[in-house]
Amino acid sequence: MSGSSAALQPPADAVKPVRHPDAPAPGELLGAHYEHCFGCGPGQPHGLHLEARAGEGVSLTAEFTVQPAHQGAPGLAHGGVLATALDETLGSLNWLLRTIAVTGRLETDFLRPVPVGTTLYLEAEVTAVAGRKIYCTATGRLGGPGGPLAVRADALFVEVKVDHFVDHGRQEEIQAVMNDPDQIRRTRAFEVNP
Ligand SMILES: CCCCCCCC/C=C\CCCCCCCC(=O)SCCNC(=O)CCNC(=O)[C@H](O)C(C)(C)COP(=O)(O)OP(=O)(O)OC[C@H]1O[C@@H](n2cnc3c(N)ncnc32)[C@H](O)[C@@H]1OP(=O)(O)O
């Protein structure tokens, strides 16, 4: 079964997404948004280490290789890990809009089992924007762009201010980020280029 619920249907006043003029060029790696992110951070030993690359328009591709630490059933990826890969890929789209946003709703179809050792090839695009609401969709294929479709998702992201993280994140990590000039520079770029 597939398709998304009414909550993921863009409203009548939704518009097409607009790629930000300073978005990374098609083919460029986006890089991790946070060193300790479970989805993309290089500082997470058991994380997904997902790598996303800008595509045309407001789209991107990403890859992640399923490790033994990602198992649910023996030799197979855990469904929650696959949902994380989709969530991370969809979240990365916001770099192309230059918007900071968090997942409000994520609907996932698991179509085929994904064995350990598989490289999951993901494609995602923003389909519509309505105010703070960003509607997007993603697929994950086994082995490469022409591989069998294994997972897919539709999601709604909601734009937030940096305050969202400052107000809700544990102070220890927030302070560490605030002391990291690279992270602050990257975050500020989003604030001054709405
Ligand atoms: C100096 C420090 C620097 C820090 C720098 C950090 C930089 C980081 C950069 C990038 C980070 C990106 C990280 C990506 C990681 C991958 C993505 C994730 O996993 S994110 C984690 C999981 N998600 C959450 O934890 C959200 C928890 N939820 C919330 O916080 C709120 O519920 C939130 C923000 C989503 C909405 O709350 P409201 O109070 O702001 O807004 P309301 O009015 O409730 O919603 C706005 C609109 O959205 C709809 N909406 C909200 N949630 C919905 C839902 N679940 N389903 C359908 N519609 C929903 C509402 O109906 C409303 O629509 P209408 O404007 O009335 O038309």
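Reading guide: rules and limits
Residues numbered from 1 in each chain as written. Predicted model: local features only at pLDDT ≥ 70, side-chain atom pairs only at ≥ 80, totals over all residues. Heavy atoms only, no water. Buried < 20%, exposed > 50% of the residue type's maximum accessible area, 1.4 Å probe, protein only. Helix = DSSP H or I, 4+ residues; strand = E, 2+ residues; numbered from the N terminus. pLDDT = per-residue confidence, 0-100. Polar contact = N/O pair within 3.5 Å; in protein donor to acceptor, adjacent residues only side chain to side chain. Contact = heavy atoms within 4.5 Å. Near = heavy atom within 4 Å. Nonpolar A, V, L, I, M, F, W, Y, C, P; charged D, E, K, R; others polar. Core = buried A, V, L, I, M, F, W, Y, C linked by side-chain atoms within 4.5 Å. UniProt positions renumbered as here; feature names shortened; annotations may be inferred. Expected span 1.5 Å × (residues − 1).

If you check an unreviewed UniProt entry, the protein chain appears there as Acyl-coenzyme A thioesterase THEM4 from Streptomyces argyrophylli.

Novice: Could you give an account of unusual backbone geometry, with specific residues and numbers?
Specialist: At H49, a position not held by glycine, the phi torsion is positive, near 50 degrees. Residue H49 is classed as partly exposed on the basis of its relative accessible area, which comes to 38%. Unlike most non-glycine residues, R98 shows phi in positive territory, near 60 degrees. Mapped onto the fold, R98 is located in the loop between α2 (94-97) and β3 (101-110).

Novice: Talk me through the confidence of the model for the protein chain; I want residue IDs and the actual numbers.
Specialist: On average, the protein chain scores 94 in pLDDT, and the residues at 70 or more come to 96%. Interface predicted TM-score (ipTM) for the complex: 0.97; the corresponding pTM is 0.96.

Novice: Can you explain the side chain of T89? Please cite residues and give values.
Specialist: Looking at where T89 falls in the secondary structure, it is placed in helix α1 (residues 79-92). Here T89 falls in the buried class, since its relative accessible area comes to 0%. For T89, the side chain forms a polar contact with the main-chain oxygen of A85, separated by 2.7 Å. When neighbours within four sequence positions are excluded, T89 is seen to be in contact with L50, L60, A62, L122 and A124.

Novice: Would you mind going over the site of the ligand in detail, with residue names and values included?
Specialist: In the region of the ligand, 20 residues are neighbours, and D87, T103, G104, R132 and K133 sit closest. G104 is positioned with one of its backbone polar atoms (N or O) 2.9 Å from a nitrogen atom of the ligand. Residue K133 places a side-chain N or O atom 2.7 Å away from an oxygen atom belonging to the ligand. Among the secondary structure elements, those contributing two or more residues to the shell around the ligand are β3, β6 (149-159), α3 (163-168) and α4 (171-178). Looking at side-chain class alone, the shell around the ligand contains 11 nonpolar, 5 polar and 4 charged residues.

Novice: Account for the nonpolar core, with residues named and values stated.
Specialist: Counting 41 residues, the largest nonpolar core has F64, L90 and L120 as its most contacted members. Listing elements by their share of this core, those giving two or more residues are β1 (51-54), β2 (59-65), α1, α2, β4 (119-130), β5 (133-142) and β6. Dropping the residues within four chain positions of it, F64 is found in contact with L48, L50, H70, V81, L82, A85, T118, T119 and L120. Core analysis: the next-biggest nonpolar cluster, separate from the first, contains 5 residues, L8, A130, Y135 and L156 among them.

Novice: So what about the UniProt feature "domain: Thioesterase" (unreviewed entry) in the protein chain? Which residues, and what values?
Specialist: Per the UniProt entry, the sites bearing "domain: Thioesterase" (unreviewed entry) are residues 75-141 in this numbering. End C-alpha to end C-alpha, residues 75-141 measures 17 Å, and it is 27% helix and 46% strand.

Novice: Mind laying out α1, listing which residues take part and the relevant values?
Specialist: Under the 1.5 Å per step criterion, the end-to-end length of α1 is 20 Å for 14 residues, consistent within 8% with the ideal 20 Å. Along α1, the residues that are buried comprise V81, L82, A83, A85, L86, E88, T89, L90 and S92.

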